Amino acid sequence: MIGPLMNAPVVSRIFFTVTFPKFDIRRRHVPSVKLHSLAKNQLSDTDVIDTIEHLFRCRNCFETYRNVRAYYLNSLSSQ
């Protein structure tokens, strides 16, 4: 059962990332356009994974994303 699941691109990518993490900590912040796209569910699977990995490492980007997400949730609830 696990064999076919491991062949899925997203699962394989997560497994590879956990096994061989990137050590480039000096990576720039995530652009706000990408954070808005993430909040609106408009990114590909690999972009979502890359962005979320960065959000776990960068407190500044994480806080920015929280604000963006809160804005979208508030705008949806007020409609």
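What you see is a predicted model; the values in this text were computed from it and never measured.

**Digging into helix α4 (residues 45-57)**
Residues spaced three or four apart along an α-helix face the same direction, because each turn holds 3.6 residues. With 13 residues, α4 ought to run about 18 Å at 1.5 Å a step, and its terminal C-alpha atoms sit 19 Å apart, in line with that. Along α4, the positions that sit buried rather than exposed are I49, D50, T51, E53, H54 and L55.

**So, the packing of aromatic side chains**
Scanning all chains against the criterion turns up one aromatic pair. With centroids separated by 5.3 Å and ring planes inclined at 70 degrees, the aromatic side chains of Y71 and Y72 adopt a geometry described as edge-to-face. When its relative accessible area of 17% is taken as the criterion, Y72 is described as buried.

**Considerations on the state of the cysteines**
For the structure shown, the criterion picks out zero disulfides. The cysteine C58 is free of any disulfide, with C61 supplying the nearest cysteine sulfur at 3.6 Å. Judged by its relative accessible area of 11%, C58 falls in the buried class.

**Some details on the side chain of T51**
Following the sequence through the fold, T51 ends up in helix α4. Relative accessible area serves as the criterion here: at 1%, T51 is assigned to the buried category. Residues within four places of T51 in sequence aside, it is in contact with V30, K34, L35, L38 and L43.

**Details of the nonpolar core**
By size, the foremost hydrophobic cluster in this structure holds 11 residues: V30, L35, L38, A39, L43, L55, C58, C61, Y65, V68 and Y72. Listing elements by their share of this core, those giving two or more residues are α3 (32-39) and α5 (59-77). Among the elements that line this core, the one with the most residues is α5, at four residues. Setting aside chain neighbours within four positions, we find L38 in contact with L43, V48, T51, L55 and Y65.

**Notes on the packing of α3 against α5**
At their nearest, the axes of α3 and α5 sit 9 Å apart, and the two run at 50 degrees to each other. In this view, α3 runs oblique relative to α5, as classed from their interaxial angle. Like other packed secondary-structure pairs, α3 and α5 cross with a definite hand, here right-handed. Two secondary-structure elements touch here, α3 through L35, H36, L38 and A39 and α5 through C61, T64, Y65, V68, R69 and Y72. For the contact of α3 with α5, the per-class residue count stands at seven nonpolar, two polar and one charged.

Rules used in this analysis
- Residues numbered from 1 in each chain as written.
- Predicted model: local features only at pLDDT ≥ 70, side-chain atom pairs only at ≥ 80, totals over all residues.
- Heavy atoms only, no water.
- Helix = DSSP H or I, 4+ residues; strand = E, 2+ residues; numbered from the N terminus.
- Expected span 1.5 Å × (residues − 1).
- Buried < 20%, exposed > 50% of the residue type's maximum accessible area, 1.4 Å probe, protein only.
- Phe/Tyr/Trp six-rings, centres within 6.5 Å; stacked < 30°, edge-to-face > 60°.
- Disulfide = S-S within 2.5 Å.
- Contact = heavy atoms within 4.5 Å.
- Core = buried A, V, L, I, M, F, W, Y, C linked by side-chain atoms within 4.5 Å.
- Axes fitted to C-alpha atoms, helices over the stretch in contact; angles between N-to-C directions.
- Parallel < 35°, antiparallel > 145°, perpendicular 65-115°, else oblique.
- Left-handed = near helix turned anticlockwise from the far one by under 90°.
- Nonpolar A, V, L, I, M, F, W, Y, C, P; charged D, E, K, R; others polar.

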